Amino acid sequence: MYLCPEPKKLELNGGYYYFTVGEEPEISEKITPMLSHKESYRITIDAKGVHIEGASDVGVYYARLTLKQIRMNYRGCLPYLYIYDEPEYSYRGFMIDSCRHFFTAAEIKRMIDGAALFKFNKFHFHLSDDQGFRVEIESYPQLTTVGSVRPSSDFGRGENDKNPYGGYYTKAELKEIVDYCKERYIEVIPEFDIPGHTSAVVASYPELSCKGEKIDPKTTAGIFSDILCGGNPETLKMIKAVTDEMCEIFTGKYFHIGGDEAPKKNWNMCPVCKEKIQELGLKNSEELHGWLVNEVAMHLKKKGKKTICWNEAIRGGNVEHDSVTVAWWMDKTNATLNWANGGNPTIVESFTPYYADYPYGMHSLKSVYLYNPRKIKGLTSLGAASIIGIESPVWTEYIRDFKKLSQMCFPRWIAVADTAWNGNDNKNYAKFLKNVAFYCDILKEYGIVCADEGEWNILPHNRLSQMASFFGNVLSKGFVEQLLHKD
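Nothing here was measured: the structure is a model prediction, and the numbers come from that model. (Residues numbered from 1 in each chain as written. Predicted model: local features only at pLDDT ≥ 70, side-chain atom pairs only at ≥ 80, totals over all residues. Heavy atoms only, no water.)

### Some words on the pairing of strand β16 (residues 306–310)
- Judged by how many residues are buried, β16 sits mostly within the fold: four of five residues are covered.
- In this sheet, β16 lies alongside strand β15 (residues 254–256) in parallel orientation, the contact comprising three bridges. Counted as the bridge partner of F255 is T307 from β16.
- Where β16 and strand β17 (residues 324–328) come together, four bridges link them in parallel fashion. The residue bridging C309 from the neighbouring strand is V326, located in β17. (Buried < 20%, exposed > 50% of the residue type's maximum accessible area, 1.4 Å probe, protein only. Helix = DSSP H or I, 4+ residues; strand = E, 2+ residues; numbered from the N terminus. Pairing = 2+ DSSP bridges.)

Listed below in C-alpha cells is the structure:
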C-alpha cells in the first residue's frame, strides 16, 4: 500500500471490507479530544466499515486524507487495519514566489491541491519583491499601478523578454485563495518583504527611499540597495497601512515581513537614518533594522498576528525574542543558531536542500528526503526543540510557467512533507521512492506535472554538467564543484 506521508503506526489485520464500486463505504466519524495532538487521528477499518476519530476537526480531516490515499490503492474494498497518526512538526510549509514570475489564482490553487494531499498546513505566499508588487492595496494604489509592472525581464538563462511584465492579485482573488486553503486546513501566510527587496515599492513611492530618486521595478535577479528609508516616519506609516489591508484578507495567525538581503549602504549615508539611529540610542544600521522589525511586529501583535522574518533581520541583536519567529534559510554569522539555541521559535527552510528552484543535480530528491532539520551543526537539544517546523520555498526568477513550477516542486515537496509529518527516525528511501512513483501518477489528475524520474537523483557524472548549464557563465567551474561537494 502506497501512503505519503506514511502513518506513525499502521497495523494490517487481515481481510477486506467490501463495498459497491461507485458508492461510498460506511464511514463513522467522531471527535476524541484526549488524543495527544490537535491534528492526531485514528482510523479503524473492519467488517462494520470505516471508523475515524480525530482530536479535533483538523484531525478528522487528516484522517479523511489518509483514507483518500488508501482508497487510491484499492477499488471496491479496503483492507482491515488500524492507524494512529500525528505530526512531528506543527508548521509544515511550502512557499511560492509570484513576484519574479506571476502565477494565476487558478494555478496557485492547483499547487495548493498538490500540497494539501500530503498534509502541508502552511502556504507562505511571497507577494512583494524588487521585480513586482502583487497585492491590490487601496491606501497606496501606485503599488499596483506602478509597482506591479516592470519594463522588461532580463534574468538570463533563456528568461529574457523585452516586453513589460506585470500582474497582481485583487483582494477578491486573494480572499478566494484564503477560503480555498481554509477548506484544506492550510493557513495562508502573506509576505510583505521590508525593508529590502522593495525596489517595486520605491518605484511606486520614491519619497520612501533614502535618495528619493525615481526608479523602475528591477528586471534582473539580485540584491539591490534601493531599500526603504529606515529613518523616515512615512516608511513605517506605509508599512502599517499595507499590513492593515493585508490582514483583512489573510486571516491566519502568521504574517511574514521578510527582512532578508537588505544592504545598508544607503542607510549608512542617509542623514535621516543617522538621525534616527542617534535618536533611538542605537549602535548602527543593523540595529535600526531590528528596531523596524520590532515596531512592525508590535503593530501586528495588536492585530492578533505572529510575525515571521527571514534570519537576516536579527543580525542587529535587538529583535525582541517574544515578538517574532525566525525563518532560517542561510546564516554564516551564527545569529540564527544562537536564536534557536536560546529557545526561540525557528522554521528551517535551508537553502541546501529545501530550495526547490535549484536543479535536482544540486538538491536531489534523496538529499531532500534525508535532510534532518534538527541535526544542523551546532544545534543544542534546546535548539532542536525550538524548530517548530520546516518549509520549502520556490523562487521564480527562472520559472515562468506552471509546468516548470510544478516539476521543480514535485516530487521534492513530497519528501519535505514526509519529514514535516514523520520526522527523521524511520527513513526508508527505497520504500519512499515507490510511494513517490505512485503519487506522481496521481498528481497528473490534479494537473501537476512532476519531474521525470530520471531527474530525481542525477548520477554524479551528470551533476556538474547540469549545474554548469543552470548557472551558465555566472559561476566558475571550480565554484560549481565546491557546491556539489557541499551538497
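Once you've had a look at it, read on.
### Digging into the pattern of salt bridges
- One pass over the full model with this rule turns up 24 salt bridges.
- One salt bridge in this structure joins E11 and K9, with 3.4 Å as the shortest N-O distance.
- Since its relative accessible area comes to 34%, E11 is described here as partly exposed.
- Residue K9 is classed as partly exposed on the basis of its relative accessible area of 41%.
- Here R42 ties to E53 by a salt bridge, and the two come within 3.0 Å at their closest N and O atoms. Placement of R42 in strand β3 (residues 41–46) and of E53 in strand β4 (residues 49–54) is noted, with a sequence separation of eleven residues between them.
- Look at R42 and you get partly exposed, because its relative accessible area is 23%.
- The exposure class of E53 is buried, given its relative accessible area of 17%.
- Each of D97, R100, D129 and E397 takes part in one network of salt bridges that share partners. (Salt bridge = Lys/Arg side-chain N within 4 Å of Asp/Glu carboxyl O.)

### Remarks on the sheet that holds β3
- Read across the open sheet, the five strands follow the order β1-β5-β3-β4-β2; overall the sheet is mixed. Bordering the open sheet on either side are β1 (9–18) and β2 (27–31), each of which pairs with just one other strand. Adjacent strand axes in the sheet meet at a mean angle of 20°, parallel and antiparallel pairs treated alike.
- Examined bridge by bridge, β3 and strand β5 (residues 77–85) share five bridges and lie antiparallel to one another. Note on β5: the bridge partner recorded for I43 is I83.
- Strands β2, β3, β4 and β5 of the sheet are contacted by helix α1 (residues 57–73), whose axis makes an angle of about 45° with β3. (Axes fitted to C-alpha atoms, helices over the stretch in contact; angles between N-to-C directions. Contact = heavy atoms within 4.5 Å.)

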